[in-house]
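Each chain is listed here by its residues.
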Amino acid sequence: MSSFGSQMRKRLDELRRAGQDVPKIMAEVVEGATIEAVRVATENTPPNDGTIAGTNMRSGEMAQHWATDSQITPIIMGRSVRTELSNYMQYASYVNDGHRVDKHFVPGLIKNGSLLERSPNGSGGLMVGTKTTYVKGKYMKQKAIGKYRDVVRTELDKRVREAFK
């Protein structure tokens, strides 16, 4: 199987031979693919099960940052078109890639039934990292990149078919 880059070069060469406006097509395709990538990244970013559990805890803010931090509008530079899938939240890479958990004390963290919550007045605290030594990554960015590539392939194939009708 050939690489994503070689497949794209082949499709773009076919479009050039058909006399199509390749920079315009690429800008349209890349923008649509980036929008889909942001959607997939957002859907796969926790909390993504429809529940927000725990008082003063998970907010869903990291998921919202995919849309605000990403460059969706294409930037055209010569023969290249660029967009960017980004999340600048400080801990985004740890959620995406996974991380180890060392045993440590977290002030103000309390257990309320089965939920961990922050104490409103900052009192109390818990020792964490005693049972779980590693938290697996969610790989939101990799899933989004996969969707981006699928959309680009599908759209360019469609444009090539339309050009040679």
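Everything numeric here is computed off the predicted structure, so don't read it as measured data.

Criteria and cut-off values
Residues numbered from 1 in each chain as written. Predicted model: local features only at pLDDT ≥ 70, side-chain atom pairs only at ≥ 80, totals over all residues. Heavy atoms only, no water. Helix = DSSP H or I, 4+ residues; strand = E, 2+ residues; numbered from the N terminus. Rg over C-alpha atoms; globule rule 2.2 N^0.38 Å. Buried < 20%, exposed > 50% of the residue type's maximum accessible area, 1.4 Å probe, protein only. Contact = heavy atoms within 4.5 Å. Areas by Shrake-Rupley, 256 points an atom, 1.4 Å probe, with all protein chains shown as cover. Lys, Arg positive; Asp, Glu negative; His and termini not counted. Charge placed at Lys NZ, Arg CZ, Asp CG, Glu CD. Expected span 1.5 Å × (residues − 1). Axes fitted to C-alpha atoms, helices over the stretch in contact; angles between N-to-C directions. Parallel < 35°, antiparallel > 145°, perpendicular 65-115°, else oblique. Left-handed = near helix turned anticlockwise from the far one by under 90°. Nonpolar A, V, L, I, M, F, W, Y, C, P; charged D, E, K, R; others polar. Polar contact = N/O pair within 3.5 Å; in protein donor to acceptor, adjacent residues only side chain to side chain. Arc of directions from axis to C-beta.

A. Quick peek at the overall build of the chain. Counting secondary structure elements, the chain contains five helices and eight strands. Traced from its N-terminal end to its C-terminal end, the chain shows the element sequence α-α-α-β-β-α-β-β-β-β-β-β-α. Taken over the C-alpha trace, the chain has a radius of gyration of 22 Å; the compact-globule value for 165 residues is 15 Å, which it surpasses by more than 25%. Considering only C-alpha atoms, the chain reaches an extent of 70 × 30 × 25 Å along its principal axes. Expressed as a percentage of its 165 residues, the buried residues of the chain come to 32%. A separation threshold of at least 6 residues defines the contact pool for the chain, and within that pool the share at least 24 residues apart is 66%. As presented, the chain carries roughly 10,700 Å² of accessible surface, and 52% of it is formed by carbon and sulfur atoms. Here the chain contributes 26 positively and 18 negatively charged side chains, and the mean placements of these two sets differ by 5 Å.

B. Structural context of helix α2 (residues 22-43). Compared with an ideal rise of 1.5 Å per residue, which puts 22 residues at 32 Å, α2 spans 31 Å between its outermost C-alpha atoms and is within 8% of the ideal. As for α2, its buried residues are in contact with α1 (4-17), α3 (61-69), β1 (71-77), β2 (80-84) and α5 (140-163).

C. Structural context of the packing of α1 against α5. Viewed as axis vectors pointing N to C, α1 and α5 meet at an angle of 25°, and their least axial separation amounts to 10 Å. Viewed along their axes, α1 and α5 adopt a mutual orientation that is roughly parallel. Helix-helix and strand crossings are classified by hand; for α1 and α5 the assignment is left-handed. Residues F4, Q7, M8, R11, L12, E14 and L15 of α1 form the contact with α5, whose own contacting residues are R149, V152, R153, L156, D157, R159, V160 and A163. Residues belonging to the contact of α1 with α5 are distributed by class as follows: eight nonpolar, one polar and six charged.

D. The side chain of T45, seen in detail. Mapping T45 onto the fold places it in the loop between α2 and α3. Among the polar contacts listed, one links the side chain of T45 to the backbone oxygen of A41, at a separation of 2.5 Å. With residues up to four places along the chain from it excluded, the contact list for T45 reads M62, A63, W66 and M140.

E. A look at α1. Under the 1.5 Å per step criterion, the end-to-end length of α1 is 20 Å for 14 residues, consistent within 8% with the ideal 20 Å. Those residues of α1 that fall on the buried side of the exposure criterion are F4, Q7, M8, L12, E14 and L15. Around the axis of α1, the buried residues are gathered within 155° of arc, so they sit on the same side. Across α1 from its buried face, at more than 90 degrees, point the exposed residues R9 and R17. Contacts made by the buried residues of α1 are with α2 and α5. G19, located one to two residues past α1, shows a positive phi value of around 80°.

F. Broad picture of the packing of α2 against α3. Relative orientation of the contacting elements α2 and α3 amounts to 170°, with a least axis distance of 8 Å. On the basis of the axis angle, α2 is roughly antiparallel to α3. In this structure, α2 uses V38, A41 and T42 to contact α3, whose residues at the interface are A63, W66 and A67.

These values are about where atoms sit, not about what they do.
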